[in-house]
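# Examining the three-dimensional arrangement
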Amino acid sequence: MNINENDIAKVVEAVLNEMNAKPSACAKPAKASNGSIPTKAKVAMLTKLGNFDIQEYPIPEIGDDDILVKVEGCGVCGTDAHEFKNDPFSLIPVVLGHEGTGEIIKMGKNVKKDSAGKPLNIGDKVVTCMIFNDDPDITMFDLNKQNVGSGDIYGLMPDDNIHLNGWFADYMIIRGGSTIFNVSDLDLDSRILIEPCAVLIHAVERAKTTGILRFNSRVVVQGCGPIGLICIAVLRTMGIENIVAVDGNEQRLEFAKRMGADNTVNFMNHKGVDALADAVKDAFGGYAADFAFQCTGSPVAHANIYKFIRSGGGLCELGFFINGGDATINPHFDLCSKEITLVGSWVYTLRDYATTFDFLKRAIAIGLPIKELITHRFSLEEMNEALETNLAQKGLKVVYINKD
Ligand SMILES: [Zn+2]
């Protein structure tokens, strides 16, 4: 076939015309959000230690880069509980809640895509991660950036004149410059679990840097609160099967088995660390662990876990989100002579966040009872009770659900 230059010019012109026409052809029709954008929003404002007040504020006009979200739900995190009880970050007055999700009901005209490049539309279900103080492109894609230490998090920002700064509310304003993900393909419970799950995706990524974690590794997970249980689930979705869970609560250990632990050890049944280490060894059929994840906030638990690990093994410490005090180890016996490779893990990268969406789908697909982590649901008006429930360590994951 022979195409002359004239034809080529025509083809190029046609293609260019089509390309130029595309933006307007693809422009979003202004969708009516069933006509009911409210004028006021309710928030649970932490006004003093141990007390939320329900307050009402007018919903301000949003800017061209902003998004108005109707909150559907939000997990209650250990961090929220610390703030509620002690305000270690001096945030009061503050609207807490950072593990939230909701539906877009209004968008500024510049908003087109989420942080992963997926289109955003009214009606989409979203989660936020951070508001960046630095270049989000660099932070999103720079693998050297170990965790998100340089942005503000909704739910951990002191009150200002917008007020809608946290997910313990019925509406939230997501400002331009925030990280936002379209997760419309996940159900509400899964979406609420994204943030805590991202912590474990990051921890396992950190563990993998040691080169010790393999498919056939014997892995001990110490602590079976939500973090330890999710850790087991992440390992299972990776194909790691030889997992022993350690905790002092029989119910949690039962749950750990359903989440994929092969065997469990209740530390209440063993006096002293040597007896406990023997029990862990027995649970692996006579072997010490190749790798350990420390998921409690107890310094004693940190000191103990070295005894469970074989020479040349690895350890990921992720239990100390906040300062829990000093731990005493014997550097000779615990670290040097055994040549243990130790990594710490804290928070997550944005990449981990995006990986978490697929982890949740995989966990559900292989039948792990991940959504059963949510044991208590409260309304906005019941926020004080929700935090008390978390502090009393009743159940596993306590969440706020907007029932309106
Ligand atoms: Zn959290």
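Look up a bit, the structure's there.
As a starting point, this report considers the structure included with it. Remember, it's a predicted structure, so these values are computed and weren't measured experimentally.

Counting its secondary structure elements, the chain contains 12 helices and 17 strands. A buried classification covers 44% of the 404 residues belonging to the chain. The contacts in the chain between residues at least 6 apart in sequence include a share of 70% that link residues at least 24 apart.

A few words now on the nonpolar core. In this structure, Phe168, Ala169, Cys231, Ile232 and Val280 are the most contacted members of the largest nonpolar core, which totals 112 residues. Examining the composition of this core, we find that nine residues originate from one element, helix 5 (residues 194-208), more than from any other. Looking at which domains feed residues into this core, each of domain 1 (40-185 + 369-401) and domain 2 (198-344) gives three or more. When residues no more than four places from it in sequence are discounted, the contact partners of Ala169 are Ala41, Lys42, Val43, Ala44, Val71, Val95 and Leu164.

A few words on helix 2 (residues 78-86). All buried positions along helix 2 are accounted for by Asp80, Ala81, Glu83 and Phe84. Seen along its axis, helix 2 keeps its buried residues to an arc of 160 degrees; they face one direction. Structurally, helix 2 contributes buried residues whose contacts are with strand 1 (40-48) and helix 12 (383-391). Backbone geometry just downstream of helix 2 places Asp87 in the positive-phi region, at approximately 50 degrees.

Here helix 6 (residues 226-237) crosses helix 11 (residues 350-365) at 80 degrees, and the two axes come no closer than 10 Å. What the angle tells us is that helix 6 and helix 11 run roughly perpendicular. Listed contacts from helix 11 to Ala233, Val234 and Thr237 of helix 6 are Phe359, Arg362 and Ala363. In the contact of helix 6 with helix 11, the residues fall into four nonpolar, one polar and one charged.

Before going further, it helps to spend a moment on unusual backbone geometry. Between Ile92 and Pro93 the backbone carries a cis peptide bond, its omega angle lying at 0 degrees. Along the chain, the position of Pro93 falls in the loop between helix 2 and strand 4 (94-95). Of note in this structure, Ser90 is not a glycine but carries a positive phi near 50 degrees. Mapped onto the fold, Ser90 is located in the loop between helix 2 and strand 4. Even without glycine at this site, Glu339 takes up a positive phi of about 50 degrees. Residue class for Glu339 comes out exposed when judged on the 9 C-beta atoms lying within 10 Å of it.

Spatially, 2-1-4 is the arrangement adopted by the three strands of the open sheet, whose pairing is antiparallel. Here the strands that pair on one side only, and so sit at the sheet edges, are strand 2 (51-58) and strand 4. Bridging between strand 1 and strand 2 involves eight bridges; their strand directions are antiparallel. The residue bridging Lys40 from the neighbouring strand is Pro58, located in strand 2.

Quick notes on the rules
- Residues numbered from 1 in each chain as written.
- Predicted model: local features only at pLDDT ≥ 70, side-chain atom pairs only at ≥ 80, totals over all residues.
- Helix = DSSP H or I, 4+ residues; strand = E, 2+ residues; numbered from the N terminus.
- Buried ≥ 20, exposed ≤ 12 C-beta atoms within 10 Å, placed from the backbone.
- Contact = placed C-beta atoms within 7 Å.
- Core = buried A, V, L, I, M, F, W, Y, C linked by C-beta atoms within 7 Å.
- Domains from an automatic or database assignment.
- Arc of directions from axis to C-beta.
- Axes fitted to C-alpha atoms, helices over the stretch in contact; angles between N-to-C directions.
- Parallel < 35°, antiparallel > 145°, perpendicular 65-115°, else oblique.
- Nonpolar A, V, L, I, M, F, W, Y, C, P; charged D, E, K, R; others polar.
- Pairing = 2+ DSSP bridges.

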